[in-house]
Amino acid sequence: VKVIVIGTGTIGSAVAALAADNGHDVLTIGRSSGDHQVDITDTAALRRLFSELNGFDAIAVAAGEVFSAPLAQTTDDQWADSIASKAMGQINVVRTALPFINDAGSFTLVSGILSEEVTSASTLGATINSVVEGFVRSAATELQRDLRINCISPGVLTESTDYHQFFPGFEPVPAARVALAYVRAMSNPYTGRILKLHNADF
Ligand SMILES: NC(=O)c1ccc[n+]([C@@H]2O[C@H](COP(=O)([O-])OP(=O)(O)OC[C@H]3O[C@@H](n4cnc5c(N)ncnc54)[C@H](OP(=O)(O)O)[C@@H]3O)[C@@H](O)[C@H]2O)c1
């Protein structure tokens, strides 16, 4: 199976490594890193890239930026950039890849714990993650050709130590566990699912 992993950071590199361990043919894409470069905010560039890849069976997205600030201090640019990057960026990937992905292919997007849980400055993140999850739930019902789409919702990562101060009392999750969820979503007949790597029960 030919798997495209977009994002070469903490999550993306773990997903690429695990997918390769599972015998997949992995192609990595970053903005300025990876086997190919593209900015997911640029739909024309995405279309060009996907058209040049000679077909593929899965896209796993582990990219997209969200600013974090207390609501009253968030700026117009922080809202616009966060929506353009993590929300529309991932939606752009799905829409532009549709003509090029093989039958029965899969999309796996990323949201995060803030769609369900609050921290002291989480409104922007909560909004973006909810957009991504809403898109995934609904797109799953509209995809044709046995295509599937799912979303991974991690808690703060063990490796992302800079973010730990913003998640006091939250249990971090290792990138390797998040990667398992991506591979599970792309390898089984899941669609419209949000796979949660956090415990919002307490
Ligand atoms: N880290 C966490 O604790 C955590 C928890 C929950 C959810 N998430 C979500 O998971 C995703 C990945 O997080 P991460 O920690 O793995 O990120 P990361 O280590 O900062 O890596 C981000 C990757 O995304 C790429 N990227 C960013 N903006 C892009 C764009 N506009 N076009 C193309 N590529 C772009 C970067 O490429 P370049 O380096 O080439 O620029 C980089 O490879 C994010 O959406 C994040 O919100 C993260």
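Up top is the structure these notes are about.
Colleague: Provide a residue-level description of the site of the ligand, including the pertinent values.
Modeller: Taken together, 24 residues lie around the ligand, and Thr8, Ile11, Ser32, Ser33 and Lys86 are the ones closest in. With respect to the ligand, the backbone of Ile11 contributes an N or O atom lying 2.8 Å from an oxygen atom. One of the backbone nitrogen or oxygen atoms of Ser32 is found 2.7 Å away from an oxygen atom of the ligand. Of the residues assigned to the shell around the ligand, the class counts are ten nonpolar, eleven polar and three charged.

Colleague: Residues and numbers for the packing of helix α3 (residues 76–97) against helix α4 (residues 123–142), please.
Modeller: Contact geometry for α3 and α4: axes closest at 10 Å, N-to-C directions at 20 degrees. Of the possible angle classes, the one that applies to α3 and α4 is roughly parallel. The two elements α3 and α4 meet at a crossing, and its hand is right-handed. On the side of α3, the interface is formed by Gln78, Trp79, Ser82, Ile83, Lys86, Ala87, Gln90, Ile91 and Val94, while α4 contributes Thr123, Leu124, Thr127, Ile128, Asn129, Val131, Val132 and Phe135.

Colleague: Quick one: what's the story with α4, residue by residue and with numbers?
Modeller: A rise of 1.5 Å per residue sets the reference length of α4, with its 20 residues, at 28 Å; its end C-alpha atoms lie 29 Å apart and thus fit the reference within 8%. Turning to α4, its buried residues number three or more, namely Leu124, Gly125, Ile128, Asn129, Val132, Glu133, Phe135, Val136, Ala139 and Ala140. For α4, the arc enclosing every buried residue in end-on projection is 160 degrees, short of the 170-degree limit, so these residues lie on one face. Those residues of α4 that are exposed and aimed more than 90 degrees away from the buried face are Thr141 and Glu142. Residues of α4 that are buried make contact with α3, β5 (101–110), β6 (148–154) and β7 (194–197).

Conventions we followed
Residues numbered from 1 in each chain as written. Predicted model: local features only at pLDDT ≥ 70, side-chain atom pairs only at ≥ 80, totals over all residues. Heavy atoms only, no water. Near = heavy atom within 4 Å. Polar contact = N/O pair within 3.5 Å; in protein donor to acceptor, adjacent residues only side chain to side chain. Nonpolar A, V, L, I, M, F, W, Y, C, P; charged D, E, K, R; others polar. Axes fitted to C-alpha atoms, helices over the stretch in contact; angles between N-to-C directions. Helix = DSSP H or I, 4+ residues; strand = E, 2+ residues; numbered from the N terminus. Parallel < 35°, antiparallel > 145°, perpendicular 65-115°, else oblique. Left-handed = near helix turned anticlockwise from the far one by under 90°. Contact = heavy atoms within 4.5 Å. Expected span 1.5 Å × (residues − 1). Buried < 20%, exposed > 50% of the residue type's maximum accessible area, 1.4 Å probe, protein only. Arc of directions from axis to C-beta.

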